[in-house]
Amino acid sequence: MNKKCLIIDDMHESIVSLLAEIGIEATYAPGMTRAEILNTVGDYEGILVRSKTTIDKEFIDHAQKLEFIGRAGAGLDKIDVEYVESKNIEILNAPEGNRDALAEHAVGLLLSMLNNINAADQQVRNWIWDREGNRGVELSDKTVGIVGYGYMGQAFVQRLRAFDCRILVYDKYKKGFGTKKVEEVSLEKLFSKTDILSLHVPLTPETRSWINKDFIQQFRKDIHVLNTARGEILPIKDLLELLDDGKVLGAALDVLEKEKFNQLSNEEKTRFEDLFSRKNVVLSPHVAGWTFASYKRINEVLVSKIATHYRIEAN
């Protein structure tokens, strides 16, 4: 087939051999700078990227031979989808590769938050044995409200069902998915019944800062919040105010509004320090979906989709 693919982000070592099996010559170059990528990408029919650089108009205009972009993950927020598609370039992503990992991590964060596991761990290490102060909350008598029912939301719901909690799901763009155990609901019902809010929507202009103070104030109950989607969906400034007034009882966050700490302003750094100091907040560094198994599985999903794009029979 004589197609070439440039890989500009760190990926599991299997990627080069998997591409070779379907006749694609791969150049593995995760150390390239953006300037080097722009000078080189014009020689390639394909590119694989995680989050190293923005695939914008400038990038695409340098990639005259490009036929596909493979995103090693689920989100497409760093890709100018409209411009890419206007050039008839196929966009392939791999939510199937890390949905199970994300769902398991989300459950872990949720249980840690509801049972004060992080705070209790630190107390015991400091010779504090406070059973009453660390009394937990059971999922079985709670209502979990899910926003977004794509690959990630569905995988999370599958795990939640084992806890016998009530599950409500709102998805603006998906209808007819309700079952006996998963209730498809309006925003109004979500606001009325939810105890725990879990976010599973992509970052788009529509969802940026969507889950803000005004949104959360509409919930009838005080709630716990879980975010394994994108940090920009939930502004930290608003979350801190909601934690202060008790509207948000606790938060479990795998993602933050800004994740490059060296680029924070003094004001942003102060907010982060406030967030990090709170015992009712559980944090992880954008690793939901980032396991040893998913790292390899993402490659397999992407190569399978590339093979389908070129109508190649993958091994």
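Preceding this paragraph is the structure being described.
### Points about the overall build of the chain
- A count of helical and extended segments in the chain gives 12 helices and 12 strands.
- A compact globule built from 315 residues should have a C-alpha radius of gyration of about 20 Å, and the chain, at 21 Å, falls within 12% of that.
- For the chain, the spread of C-alpha atoms along the principal axes amounts to about 65 × 50 × 35 Å.
- For the chain, with 315 residues in total, the buried portion stands at 48%.
- Counting 42 positive and 48 negative side-chain charges, the chain places the centres of these two groups 4 Å from one another.

### Re a negative patch on the surface
- A contiguous patch of negative charge, built from Asp80, Glu82, Glu85 and Glu90, is present on the exposed surface.
- Along the chain, Asp80 falls in the loop between strand 4 (68–71) and helix 4 (81–86).

### Notes on the sheet that holds strand 1 (residues 3–7)
- On the basis of which strands lie adjacent, the open sheet formed by five strands has the order 2-1-3-4-5 and parallel pairing. In the strand order of this sheet, the two ends are held by strand 2 (24–28) and strand 5 (90–93), each with one partner. The mean angle between the axes of side-by-side strands here comes to 20°, regardless of whether they run parallel or antiparallel.
- Packed on one face of the sheet, helix 12 (residues 292–309) meets strand 2, strand 3 (46–49), strand 4 and strand 5 and runs near 150° to strand 5.

Calculation rules
- Residues numbered from 1 in each chain as written.
- Predicted model: local features only at pLDDT ≥ 70, side-chain atom pairs only at ≥ 80, totals over all residues.
- Heavy atoms only, no water.
- Helix = DSSP H or I, 4+ residues; strand = E, 2+ residues; numbered from the N terminus.
- Rg over C-alpha atoms; globule rule 2.2 N^0.38 Å.
- Buried < 20%, exposed > 50% of the residue type's maximum accessible area, 1.4 Å probe, protein only.
- Lys, Arg positive; Asp, Glu negative; His and termini not counted.
- Charge placed at Lys NZ, Arg CZ, Asp CG, Glu CD.
- Patch = residues over 30% accessible without salt bridge, like charges linked within 9 Å, V, L, I, M, F, W, Y side chains within 5 Å.
- Areas by Shrake-Rupley, 256 points an atom, 1.4 Å probe, with all protein chains shown as cover.
- Salt bridge = Lys/Arg side-chain N within 4 Å of Asp/Glu carboxyl O.
- Pairing = 2+ DSSP bridges.
- Axes fitted to C-alpha atoms, helices over the stretch in contact; angles between N-to-C directions.
- Contact = heavy atoms within 4.5 Å.

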